Amino acid sequence: MTTQQPTAAQPHAETTQQPTAAQPHAETIELERAVVKHWKAPVSYAVLTLVALVLFVVASRDGSTTLRLASVGDFVALPDAVLPVRATGIVVVVLLAALTAVSTWLVATVRKQGFWLPLAFGVLFVVAFLVWAGADKMIPIPGLLFATVGLSVPLIFGAMGGVISERAGVVNIAIEAQLLSGAFSGAVIASSTGSAVLGILGAMLAGVLVSMVLAVFAIRYFVEQVIVGVVLNVLVVGLTNFLYSSVLTANPALNSPDRLPRIPIPGIETIPIIGPALFEHTVIVYAMFIIVPVIAWGLFKTTWGLRLRAIGEHPLAADTVGIKVNRLRFWNVALAGAVAGLGGAYFTLDTTGAFNREMTAGLGYIALAAVIFGQWHPLKATAAALLFGFASALQQTLGAIGSPVPSEFMLMLPYVITLLAVAGFIGQSRAPAASGKPYIKQ
Amino acid sequence: MNETPRDADDPIEPHAPQRPGGSPDSGAAPTAVHAPAEAEVQVAAPVAPTDDRTADVDDPWGSAFRRIMGGNLVMAVLAILTSLVVGGILIAATDERVQETAGYFFARPGDMLSAVWTAVSGAYLALFQGAVLNFAAADRGFIYLIKPLTDTLNFATPLIAAGLGVALAFRVGLFNIGGRGQMLWAAAASAWVGFAFQMPPILHVIVAILVGIAAGAIWAGIAGALKAYTGAHEVISTIMLNFVAFWFITWMLRTPGLLQNPGGNNPISPPMPETAILPSIFGPPFVLHWGFLLSVLAVIVCAWLINRSNLGFQFRAVGYNASAALNAGMNVKRLTVYAMLLSGAFMGLAGAQQVTGAVTTGFTAGIDAGIGFDAITVALLGGSTPWGTFFAGLLFGAFKAGGFRMQAAEGVPVDIILVVQSFIVLFIAAPPLVRAMFGLPQPGRKSRRQRRDEAALAAMTQQKGAQS
């Protein structure tokens, strides 16, 4: 992410001032470094602090909130945390104000803002929100985190598919199609063969097929990639709905895969809070734990990753050094489809155990949002997907205990955050330079 | 290599009907739908045959044949036919009788072939009867014979309006994928004007539609402003705005005092009063309402706007080359906002038509009925021109009207229409693929005779060179 090529999408890029030399024939040209201060971050923090002030202090509620930290089977039983709503709100707002001040100071003195600052800000805000929203109620934290991981899994797989494809220079709007086709094919193949492993492979294959259509049209026929992606989403919705109505409803045996077993990892699953959230899942989720770091490592530490990023940033340069740009793009888009298709298998082989019409319900678009909010970086995109998963888990939890905030606003959150991100109010979003542009060999 | 050579006579007029698939290319905005220079040259050829005049002299008929067969209309027809074939294969493959007979295909192939024929022809006949002329009801009178045709126009009404929105944005090099959100806001605003105010009959529906148009324009304008002033890509922002609108409208629909029908518990708005409903053009049993004429009017306005107005000229300039437009003194940022506003206005018209014409008994968050996405396919099929969009909208309206009859009469799920539509757009967007499938001449590639002649000429000159 350190390439210097400015794009139209990022007008606030750090710029280097042109020397305003009076004499064009000066012997040495000294480049002045113009210091561009990004005031967006402190401004965003200030706005959020104000929101927190209004919500948690002015509109504070009485009583206290119980955060349950223990779950059955922990090796130590943590006590419940009982937090008074009003006092927590005041403390958090003071801390948020302090973080805003720190951020302002960092910008004023042209220092780097570490990743800890937004993280701390976010965690504090979320805790205060939880305490505020759950006044006089009990919020089970382990359950919330377990749901977060569960709801994030397809998002993370989808986002990994998006990261690989877009890093290779092919815009992947078709994540939704890859997830949905994976879910369908996983259910049908696992049901008809009776083997969940084959189901998973079938899901990956379906994702690959969707990807290959995208790749052929984008790379071979230079069709605008956004259009292919959107059309593929519609196509797969139509195709799976059609086959569901005409085949699966008549033959329920084709749509009753055995769900994958949950395999608790002995020992570490008894760690309080994170144990049940992370280590009581199916093999698909454990595969995700491996795939994400492998992609992150591969992308930045291997030849494959270097080439992948090269063809996505500057395909002409990559071609010049002998990389087969279009062939590499094709296979990497196919790989992206396999990863996203695996995420699709999660719907039918893990959570529900049967295929349903349009069961991905727009999650592919949230995965796309995670790719962008995660700045096309595997780990950041995973964090973004977890954040979005958390928002939707929170919406479920609050819906169960009776939330003061309409659930629709929680569901809206990922999209609003992404809008703010692409508009540059949160973080910086800059796509790989050649993403979306077909490479036509001269 | 994004710059595509165009005919020299008219650098700005795109010969719009010849553009086979959507967005004009531009520097900052997404690149052309299909970028290869060769395709563009051929596509423009019927209007200004400057590029292969020599070929005309040698081989006038062959060259004319190539130009016609390489043309956009033929591509569209072939794309539609191929897609119907794909749909037919799916219908046949999922038909129970076909599956039964396939078991003994080698013993009695005739059984399976006849089963395939029955399934596919039955489905497409039902499609035709549901979309154009209903022979089955001909004995009940002329009205019932042509009623499907008016149903088609009825389904086409919002598709045309929304398609214009996408097409207009395409011409400025923008993708408006936010039809869903814009239509939802427009529908909400129109419905609100409808049930919350009392006005005289004709005025009421006009005000409702105008407010709807404004709402759609504003929601799209947000994406335009984000694009112009922060650089946020409009594809991402419109997708995100779709979901924001969906959840917001859902919330308003289930919240008493906002859009929810008083006294009810369902997330649905109150029904529209008589004064705020677009009346039927021909009266019952026809459902076709005056909204269709509004769509026709919108096509005329859009055609004038794009092809004749000062603003449209600037739009097209930005669409072709944003940096050139900037250098020519155009305010690209402001034009981007205007383009999205106008695009959203057409989407808004579609949303307003939905609540004032199609669904007047109260709307839900599904009022957009996928039209916002269908509009993309309509605009692409229509080559991003107003009249092209009109006819593409009619075709897709026919698919919709016929699809429901096909489902009812033949048990073929209506979702097959989505599949056929998607294939049409994929084929339309990739003319080389269609040409390859039908063995049509690829543009830019010379005819076999020309190639033979040239090879011979080259061989001769080589020989001469070797001799001397």
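Residues numbered from 1 in each chain as written. Chains lettered and ligands numbered in written order. Predicted model: local features only at pLDDT ≥ 70, side-chain atom pairs only at ≥ 80, totals over all residues.

Enquirer: What am I meant to see in the overall build of chain A here?
Expert: On a plain count of helices and strands, chain A comes out with 15 helices and 5 strands. Compactness check: chain A gives a C-alpha radius of gyration of 24 Å against a globular reference of 22 Å for 442 residues, within 12% of the reference. Across chain A, the fraction of contacts at a sequence separation of at least 24, relative to all contacts at a separation of at least 6, is 75%. (Helix = DSSP H or I, 4+ residues; strand = E, 2+ residues; numbered from the N terminus. Rg over C-alpha atoms; globule rule 2.2 N^0.38 Å. Contact = placed C-beta atoms within 7 Å.)

Enquirer: Teacher, can you tell me more about the overall build of chain B here?
Expert: Across its full length, chain B carries 19 helices and 0 strands. Counting only residues that meet the buried cut, chain B has 55% of its 468 residues in that class. Long-range pairs, those at least 24 residues apart, make up 74% of the contacts in chain B with a sequence separation of at least 6. (Buried ≥ 20, exposed ≤ 12 C-beta atoms within 10 Å, placed from the backbone.)

Enquirer: Even after reading the chapter, I still don't get the interface of chain A and chain B, so can you show me in this structure?
Expert: Size of an interface, as often reported, equals the accessible area lost when the parts are brought together. Contact with chain A, which involves 44 residues of that partner, is made by 46 residues of chain B. Counting residues per element, the ones that place at least two in the side of chain A that touches chain B are α7 (225–248), α13 (363–373) and α15 (407–422) of chain A. Broken down by element, the residue count for the side of chain A that touches chain B peaks at 15 residues, all from α7(A). Residue composition of the side of chain A that touches chain B, grouped by class: 31 nonpolar, 10 polar and 3 charged. (Nonpolar A, V, L, I, M, F, W, Y, C, P; charged D, E, K, R; others polar.)

Enquirer: I keep staring at the domain arrangement of chain A and nothing clicks. Help me out?
Expert: Residues and elements named next belong to chain A. We note that the domain assignment places domain 1 (40–141) and domain 2 (151–394) within chain A. At the interface, 9 residues of domain 1 touch 5 residues of domain 2. Partitioned by chemical class, the residues of the side of domain 1 that touches domain 2 number 6 nonpolar, 2 polar and 1 charged. (Domains from an automatic or database assignment.)

Enquirer: Honestly, the environment of Pro272(A) in this entry has me stumped. Any pointers?
Expert: All names here are of chain A. You can see Pro272 is positioned in the loop between β4 (263–264) and α8 (274–279). Judged by the 17 C-beta atoms lying within 10 Å of it, Pro272 falls in the partly exposed class. Along the sequence, Pro272 and Leu31 sit 241 residues apart, while their C-alpha atoms lie 56 Å from each other. Here Pro272 is in contact with Leu69, Ala70, Asp74, Val76 and Leu78, once residues within four sequence places are set aside.

Enquirer: So what exactly am I meant to see when it comes to unusual backbone geometry here?
Expert: Residues and elements named next belong to chain A. Phi at Phe222 is positive, roughly 55 degrees, even though this residue is not glycine. If you trace the backbone, Phe222 turns up in the loop between α6 (196–220) and α7. On the neighbour-count criterion, Phe222 (23 C-beta atoms within 10 Å) is buried.

Enquirer: Just to check I follow, could you spell out the sheet that holds strand β1 (residues 64–68) of chain A for this structure?
Expert: Hydrogen bonds between backbone groups are what pair the strands of a sheet, and the pairing can be parallel or antiparallel. Residue and element names in this part refer to chain A. One open sheet holds the 3 strands; their spatial order is β2-β1-β3, and the pairing between them is mixed. Here the strands that pair on one side only, and so sit at the sheet edges, are β2 (81–84) and β3 (138–140). The average undirected angle you get between the axes of adjacent strands in this sheet is 25 degrees. With 3 bridges joining them, β1 and β3 adopt parallel strand pairing. Bridged to Leu67 within β3 is Ile139. (Pairing = 2+ DSSP bridges. Axes fitted to C-alpha atoms, helices over the stretch in contact; angles between N-to-C directions.)

Enquirer: Quick question: what am I supposed to make of helix α15 (residues 371–381) of chain B here?
Expert: Residues spaced three or four apart along an α-helix point in a common direction, a consequence of the helix completing one turn every 3.6 residues. Residues and elements named next belong to chain B. The buried fraction of α15 is high, at 11 of 11 residues. Listed in full, the buried residues belonging to α15 are Ile371, Gly372, Phe373, Asp374, Ala375, Ile376, Thr377, Val378, Ala379, Leu380 and Leu381. One or two steps after α15, the chain reaches Gly383, where phi turns positive at roughly 65 degrees.

Enquirer: Please clarify how the pairing of β1(A) should be interpreted in this entry.
Expert: Each regular strand displays side chains that alternate between the two surfaces of the sheet. In terms of strand pairing, β1(A) meets β2(A) through 4 bridges, oriented antiparallel. What sits directly across from Ser64(A), in β2(A), is Pro84(A).

Enquirer: Any chance you could explain the packing of α6(A) against α7(A) here in plain terms?
Expert: Residues and elements named next belong to chain A. Running from amino to carboxyl end, α6 crosses α7 at an angle of 150 degrees, the nearest separation of the two axes being 10 Å. In terms of their interaxial angle, α6 and α7 are classed as roughly antiparallel. Both α6 and α7 take part in a crossing whose hand is right-handed. Every residue of α7 that contacts α6 at Val210, Val213, Leu214, Phe217 and Ala218 is listed here: Gln225, Val228, Gly229, Leu232 and Val236. Along the lines of polarity and charge, the residues of the contact of α6 with α7 split into 8 nonpolar, 2 polar and no charged. (Parallel < 35°, antiparallel > 145°, perpendicular 65-115°, else oblique. Left-handed = near helix turned anticlockwise from the far one by under 90°.)

Enquirer: Would you take a moment to explain helix α3 (residues 116–133) of chain A for this structure?
Expert: All names here are of chain A. The first and last C-alpha atoms of α3 sit 25 Å apart over 18 residues, in line with the 26 Å expected at 1.5 Å per residue. Taken residue by residue, α3 has Phe121, Phe125, Ala128, Val131, Trp132 and Ala133 as its buried positions. If you follow the buried residues of α3, they end up packed against α1 (40–58), β1, β2, α2 (85–108) and α14 (378–401). (Expected span 1.5 Å × (residues − 1).)

Enquirer: How do you make sense of the packing of helix α8 (residues 179–196) of chain B against helix α14 (residues 332–358) of chain B when you look at a structure like this?
Expert: Two quantities define a packed helix pair, namely the angle between the axes and the distance from one axis to the other. Residue and element names in this part refer to chain B. Viewed as axis vectors pointing N to C, α8 and α14 meet at an angle of 50 degrees, and their least axial separation amounts to 7 Å. As the angle between them shows, α8 and α14 are arranged oblique. For the crossing formed where α8 meets α14, the hand is right-handed. Contact residues: α8 offers Gly179, Gln182, Met183, Leu184, Ala186, Ala187, Ser190, Ala191 and Gly194, while α14 offers Gly344, Met347, Gly348, Ala350, Gly351, Ala352, Gln354, Val355 and Thr356. For the contact of α8 with α14, the per-class residue count stands at 9 nonpolar, 9 polar and no charged.

Enquirer: Can you help me understand the environment of Asn251(A) in this one?
Expert: Following the sequence through the fold, Asn251(A) ends up in the loop between α7 and β4. The sequence separation of Asn251(A) and Lys301(A) amounts to 50 residues, and the corresponding C-alpha distance is 48 Å.

Enquirer: I keep staring at the nonpolar core and nothing clicks. Help me out?
Expert: Membership of the largest hydrophobic core comes to 280 residues, with the highest contact counts inside it found for Leu214(A), Ala370(A) and Phe346(B). Ignoring sequence-local partners within four residues, the contact set of Ala370(A) consists of Leu155(A), Ala159(A), Ala381(A), Ala384(A), Ala385(A) and Phe388(A). (Core = buried A, V, L, I, M, F, W, Y, C linked by C-beta atoms within 7 Å.)

Enquirer: Please explain the confidence of the model for chain B as it appears in this structure.
Expert: Parts of the model with low pLDDT should not have their predicted coordinates read in detail. All names here are of chain B. Put simply, chain B has an average pLDDT of 80, and 83% of its residues get 70 or more. Taken together, the stretch residues 1–57 has pLDDT below 50 and engages in 135 contacts with residues farther than four places along the chain or on a different chain. With pTM at 0.81, the complex prediction returns an ipTM value of 0.81. (pLDDT = per-residue confidence, 0-100.)

Enquirer: Mind showing me how you'd approach the environment of Leu288(B) here?
Expert: Residues and elements named next belong to chain B. Looking at the element boundaries, Leu288 is found in the loop between α10 (234–254) and α11 (291–307). For Leu288, a count of 23 C-beta atoms within 10 Å translates into the label buried. On a C-alpha basis, the gap between Leu288 and Phe155 in space is 8.7 Å, while along the polypeptide they are 133 residues apart. If near-sequence neighbours (up to four positions away) are discounted, Leu288 is found in contact with Thr150, Leu153, Asn154, Ser280, Ile281 and Phe282.

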